[in-house]
Amino acid sequence: MSDAQRRIDCKARVFITGSADGLGHAAAKTLLSEGHDVVVHVRSEARLPAVKELLDQGATATIGDLSDLAQIRDLAHQINAIGPMDAVVHNAGVMSGAPLLVVNVVAPYLLTALIARPRRLIYLSSSMHRGGRANLDGMDWSGRTPTGSYSDSKLFVTTLAMAVARLWPDVLSNAVDPGWVPTRMGGPSAPDDLRLGHLTQEWLATSGAPEALASGGYWHHQQRQPPHPAVNDTRFQDLLLEELARATDTQLI
């Protein structure tokens, strides 16, 4: 049986954050074409036209600004009202600005804590996470002031993925480096293959292939890669979880 056929035979319900464009939109489109149930996400009602094509194909829409903690909580409520997810792909992200840590790190943490536990979790990382600093001092998790770099944020979210893999052995939790692909964020001159940029997320979210039934991996184009050493440091994982729990007043349990 082919991997594509196995996906169709095992229909999954997948929630993808940041589905209005780029990799999130592409992944949603592919999964819908393969027969899966897809729940997409946009920042505001004004962005709904961006996912009309996906809604016409059967996707369900959710709305919430991932730079706002109250709206993140409401988004989790919307997802839980739809029903259990088989997989959640934490795809949304920004490159810079005061909301950087909230969108790229706090939102995935809070959604992980509040959405009914799925079978699989996929967090979007970047090769740039290797340039991040494993130092949480002075980080403003509220989004009021710009602190931390894009590389820092991707180091933190990759660490979150590995912490979840360690603490939730019943869930497959992985991080994915999609490569530098030609999306709005990556720019039109990005050199990597756009299809490969979302293939691994789809594969980890739905495939029954033995290689995809892994946890605690950092992946690039369906191949496990060694991440920044801090990612698998359990002390750093615990410190990050403590910081995020304090910032959100929500424990990951």
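In every chain, residue numbers begin from 1 and rise along the written sequence. Local features are withheld for residues below a pLDDT of 70 in this predicted model, meaning they are given only at 70 or higher, and side-chain atom pairs are given and counted only at 80 or more; totals for whole chains, interfaces and linings count all residues. Only hydrogens and water are set aside; all other atoms, that is, all heavy atoms of the structure, feed into the side-chain values.

**Section: the layout of surface pockets**
- For cavity detection a 1 Å grid was placed over the protein atoms alone, and a set of points counts as a cavity when a 1.4 Å probe fits there but cannot get out; an open set counts as a pocket when protein lies on both sides within 12 Å along at least five of seven lines, with lining residues being those that have an atom within 4 Å of a point. Grid points are joined across faces, edges and corners, and a volume is the space filled by probe spheres set on the points. Of the pockets and cavities examined, the second largest pocket occupies roughly 150 Å³.
- Looking at the second largest pocket, it is lined by 11 residues, and the ones nearest its centre are Cys10, Ala12, Arg119, Arg120 and Thr206.
- Classifying every residue of the lining of the second largest pocket by side-chain character gives three nonpolar, three polar and five charged. Amino acids are sorted into nonpolar (Ala, Val, Leu, Ile, Met, Phe, Trp, Tyr, Cys and Pro), charged (Asp, Glu, Lys and Arg) and polar (every other residue, Gly among them).

**Considering the nonpolar core**
- Here, nonpolar core means buried Ala, Val, Leu, Ile, Met, Phe, Trp, Tyr and Cys residues that are tied together by side-chain atoms lying within 4.5 Å of each other. Only protein chains enter the area calculation, which uses a 1.4 Å probe; residues under 20% of their type maximum are buried, those over 50% are exposed, and those in between are partly exposed. Core analysis: the largest hydrophobic core is formed by 45 residues, its most contacted members being Phe15, Leu66, Trp141, Phe156 and Leu160.
- Secondary structure counts use DSSP, requiring at least four H or I residues in a row for a helix and at least two E residues in a row for a strand, with both numbered from the N terminus. When contributions to this core are tallied by element, the ones reaching two or more residues are α4 (69-82), α5 (100-114), β5 (120-124), α6 (150-167) and α8 (234-248).
- A per-element tally of this core places α5 first, with nine residues.
- If near-sequence neighbours (up to four positions away) are discounted, Leu160 is found in contact with Val105, Pro108, Tyr109, Tyr123, Leu240 and Leu241.
- With 26 residues, the next largest nonpolar core counts Leu31, Val176, Trp203 and Leu204 among its residues. Whether two residues are in contact is decided by their heavy atoms, any of which lying within 4.5 Å being enough.

**Describing the pairing of strand β6 (residues 172-176)**
- In terms of burial, β6 is a largely internal element, five of the five residues being buried.
- Both faces of β6 are covered, namely the face carrying Leu172, Asn174 and Val176 and the face carrying Ser173 and Ala175.
- Being paired, for any two strands, means DSSP has found at least two bridges between them. Both β5 and β6 contribute to a ladder of five bridges, which runs parallel. Each bridged residue has a counterpart across the sheet, and for Tyr123 the counterpart in β6 is Ala175.
- Note on handedness: a crossover is taken as right-handed if, strands pointing away from the viewer, the path from the first strand over the helix to the second is clockwise. As a crossover connection, the stretch from β5 through α6 into β6 is right-handed.
- For β6 and strand β7 (residues 218-220), the ladder comprises two bridges, and the chain directions are parallel. Residue Val176 lies in a different strand from β7, and its bridge partner there is Trp219.

All we've got here are geometric facts, nothing functional implied.
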